[in-house]
Each structure stands twice: as structure tokens, then as C-alpha cells.
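Now for the letters of each chain:
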Amino acid sequence: MKIVSIVGARPQFIKAAVVSRVLRERHLEVLLHTGQHYDDEMSGVFFRELGLPRPDINLGVGSGSHARQTGEMLIGIERVLLQERPAGVLVYGDTNSTLAGALAAAKLNLPVAHVEAGLRSFNRAMPEEINRIVADRLSALLFCPTRTAVENLAREGITAGVHQVGDVMYDALLHTLPIAERTSSILEALGLTPGTYLLTTIHRAGNTDEPANLSAILAALGATGEPILFPVHPRTRQALTRWNISPAQNVRLIEPVGYLDMLVLEKNARLILTDSGGVQKEAYWLGIPCLTLREETEWVETVEAGWNVLVGTSVERLVAAVHSFHPPGEQPALFGHGQAGQEIIRLLEEAWG
Ligand code: UD1
Ligand code: UDP
């Protein structure tokens, strides 16, 4: 069995690390990086920290409009798939790299396996929602992290090849957290005391491309008066400059950090504010209260369990929640038990071996 795995953006390196490590050991994988993310702190650092092999191919597509970026990926991926003739193609998550990988493979009649299938925000204004719907529709194997994801697919009439395997990001966290706690010196480097600061990440197009939303979020962060650490995604850095938005004094901007440092920053935060999918889940697994800077989430379990509150971009809701939100004691195991990667490999071998 030969598999071509397709990655391109930060969260995909973390997801792929879990599966790729095993596929690599068994010489079953060709790893293709589309080049969607390319700065060292958005790409290279994750390969080094997670022990991911260097990609066999990097298409170097870089940034661009949706059509240009996806189109260049399609051309590059098709070329590689024609050369490699794999048994199937593995895609992760919901980025343009996911969409291009699934589409290029499907057009060559190669079976597609989608890790993190079935997630829905029911908001088609999100580019990710379009990517998910298309990738799921084209996939022969759909690896769902949660029960909700399986149900979402069933509602769209997709039941064949659907497997609830748990969340590979939970596997990654369980594997990496002890290493991060042993090796990261980020708290000392930034002079942070555990439990005394808030952590925020912002990068969704809906927040960064709308100046009113981005300024409302920054105003709300300022209005909390709490010390807030903000590792800034390059998209958001550009938006802050473009819209001339200056953060308040209590908001400390730093460059994006590696995964090890990020886990330590999350684990020691008093509260997390984010529009990231991955960060919402990590907050839940680490038992840190989370406020989501969106009006909806794909990770509804974290809200239902009482650990995540949707505050959107409302200054009042955000400030009130920062001061009053106290989640219940428990985090039920709704994302599997840290064996999603193993289960995915077993199912891939069964289907394509
Ligand atoms: C992408 C995904 C999003 C995912 C996020 C993870 C799509 C449509 N979006 O969003 O689902 O949550 O990655 O972080 O696929 N840039 C750099 N250096 C880089 C990468 C990007 O400066 O290494 C800048 C460029 O100006 C670029 C902008 O960030 O135009 C946005 O990058 P892009 O990959 O298009 O989308 P993300 O916002 O990163
Ligand atoms: N992350 C990181 N450094 C940062 C910000 C995020 O390592 O400065 C990690 C985070 O811990 C999570 C993943 O990146 O594992 C989430 O990626 P992102 O927020 O970019 O995308 P999303 O999950 O929203 O698609």
C-alpha cells in the first residue's frame, strides 16, 4: 500500500504527525506539502518539533486568492499523483489544501480518506465549510472525530465508509504535552506566572477581513483590563496594519509560537479566547475555560459540556464572560481516548492494504 498524504497549513502538520509517523516507519507514505503555509513559525517548526519527516514534495504554492491558490495546488497535486500512482490519498481538516487534495485525487479515480470528516458550522460564508462539504462528498473513507460529525454526515446522506475514530489532535496533545512540559521555557522567557494571564488567537477570515469585527475584538480585549498574550497569525498581523488597529496596553503581541510552547501557554492560561478550531479543543482537553470569538462552532460538544462559550465579537459578552465564566468540574471524553491515529491506520490498511 502506498499513500500520498497531503498537508499545507499549521493544524494539518499537527494532525498528520500522528498518522504519518507510523505510515513512515512502515514505508507506506509519500508526504506532499502544498506550501500553503511557508514561514518557519507556521510550518518548519512543526516538522522539527513533531518529528515529522521532511515532505517528499513541497509544491511551494504560497499565498493567493482562493482560486489561484487552490488551482495551483490542483495542478501540482495531479502531477504527483500521476507519478506516484498511490492506493489512495489522505487529506486532513478543512483548508484549501484539503479541498485541492480531495478534488485532484477524485478526478484521477483515486480513493480519498478524510481525517476530521463530518464537521459543520452550517455557515457557508466560511471558506472552510465549503472545503469540508466537498472533501466529505468526494471521500471513500471518512474518519470522524465525534458522534456529532457522524450525524452531520448521515443528514447529508453519507453513511458508507464513515468511522468514528476519535480526534487525532487529542492523540497529538497526549503524546506531546509531557515533552512540552519538560522542554519548553516559554513561561520564563515571557516572564509569565501560571494562571495569571489570558491567551488569545485570532485568524478566521470572518474576523480578520472585517475591520469592524477585528476592532471590536481588540477593543473588548482591551476593555477586560487583564494581561492577555496574543501570538499573532500572519494574516491577522497584516489586517491589524491594514486597518490601523492598535492593541491596548494589556494586550501583548508576539510572533506565532511552536506547538510545544503553545501547549504550555494554553495549559497555564487562566482563560483562552480564540476563533481557532484546534485551540477550542485543546482548551477543553487541558481543562481551561474557553471563549470562542465566533457566533457558531463545529465543536459543539465543548459548548454543551459547559467549557466553551460563544461570545462572537460583542464587547459586552466578551468582557462579561471573562469576569464571570466558571465551567463545571468535568470534561467528558467526547473525542476518543488518544488512539485515533492507530485506528485510522488499521482502517486504511483494511481498505487499501
Ligand atoms: C488557513 C486555512 C484555515 C486554517 C488556517 C490555519 C484556508 C481557506 N484557510 O487560513 O482554515 O484555520 O490556515 O492557520 O485554507 N501568511 C504568511 N505566512 C505563511 C502563511 C500565510 O504570511 O506562512 C499570510 C499571507 O499573507 C496569506 C495569509 O497569511 O495571504 C493567509 O494565509 P492562508 O493560508 O491563505 O489562510 P489562513 O488564514 O492561514
Ligand atoms: N498553534 C501553535 N502556535 C500558535 C497558534 C496555534 O502551535 O501560535 C497550534 C494550536 O495549538 C493548535 C493549532 O495550531 O494545535 C491550531 O491551528 P490554527 O489555529 O492555525 O488553525 P485551526 O485549528 O483553526 O484550523
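So, here is what we can say about the structure in this document. Here the residue numbering is sequential within each chain, running from 1 through the sequence in written order. Here every chain gets a letter starting at A, and every ligand a number starting at 1, in the order they are written. Local features in this predicted model are restricted to residues whose pLDDT is 70 or higher, and side-chain atom pairs enter the listing and the counts only when it is 80 or higher, whereas totals over whole chains, interfaces and linings include all residues. Here the side-chain values reflect all heavy atoms present in the structure, with hydrogen atoms and water set aside.

## Some points on the site of ligand 1
Stated precisely, the cut-off is as follows: Residues are labelled near a given molecule or strand when at least one of their non-hydrogen atoms is within 4 Å of it. For this analysis, a polar contact is any N or O atom pair within 3.5 Å, provided that within protein one partner can donate a hydrogen and the other can accept it, and provided that sequence-adjacent residues contribute only side-chain to side-chain pairs. The accessible surface values rely on the Shrake-Rupley method and a 1.4 Å probe; as for residues, cover is taken only from the protein chains in view. In this text, helices come from DSSP runs of H or I with a minimum length of four residues, and strands from runs of E with a minimum of two, each type numbered from the N-terminal end. Polarity classes work like this: nonpolar for Ala, Val, Leu, Ile, Met, Phe, Trp, Tyr, Cys and Pro, charged for Asp, Glu, Lys and Arg, and polar for all others, with Gly in that last group.
In the vicinity of ligand 1 lie 20 residues, with His-37, Asn-96, Glu-128, Arg-235 and Gln-238 positioned nearest. Side-chain polar atom of Gln-238 to an oxygen atom of ligand 1: 2.7 Å apart, as the coordinates give it. Relative to its unbound accessible area of 740 Å², ligand 1 is 89% covered by the protein chains. Of all elements in the fold, only helix H3 (66-84) and helix H11 (234-242) reach the threshold of two or more residues within the shell around ligand 1. At three residues, H11 tops the list of elements feeding residues into the shell around ligand 1. Looking at the shell around ligand 1 residue by residue, the classes come out as five nonpolar, ten polar and five charged.

## What about the environment of Glu-226?
This is how it is decided: Relative accessibility thresholds used throughout: buried, under 20% of the residue-type maximum; exposed, over 50%; partly exposed, between the two (1.4 Å probe, protein chains only). Whether two residues are in contact is decided by their heavy atoms, any of which lying within 4.5 Å being enough.
Here Glu-226 lies in the loop between helix H10 (211-224) and strand S9 (228-231). We classify Glu-226 as buried; its relative accessible area is 17%. Glu-226 sits 174 residues away from Leu-52 along the chain, and the two C-alpha atoms are 37 Å apart. Beyond its immediate stretch of four places on either side in the chain, Glu-226 contacts Leu-198, Asn-250, Arg-270, Val-322 and His-323.

## Brief notes about the side chain of Gln-69
Of note, Gln-69 is situated in helix H3. Leaving out residues up to four positions away in the same chain, Gln-69 has contacts with Gln-36, Val-61, Gly-62, Ser-63, Gly-64 and Asn-96.

## Let's talk about the packing of H10 against helix H15 (residues 315-324)
Going by this rule: Geometry is summarised by axes, namely lines fitted to C-alpha atoms with helices restricted to the contacting stretch, and by angles between N-to-C directions that run from 0 to 180 degrees. In this scheme the handedness of a crossing depends on how the near helix is turned from the far one: anticlockwise by less than a right angle means left-handed, clockwise means right-handed.
Relative orientation of the contacting elements H10 and H15 amounts to 35 degrees, with a least axis distance of 9 Å. Considering how the two elements wind past one another, H10 and H15 form a crossing that is right-handed. On H15, the residues that touch Ala-216, Ala-220, Leu-221, Ala-223 and Thr-224 of H10 are Val-315, Leu-318, Val-319, Val-322 and His-323. Grouping the constituent residues of the contact of H10 with H15 by class yields eight nonpolar, two polar and no charged.

## Observations regarding unusual backbone geometry
Of note, the phi angle at Arg-85 is positive, near 45 degrees, even though the residue is not glycine. Tracing the backbone shows Arg-85 in the loop between H3 and strand S4 (88-92). The residue Asn-109 is not glycine, and still its phi comes out positive at about 60 degrees. Topologically, Asn-109 is positioned in the loop between helix H4 (96-107) and strand S5 (112-115).

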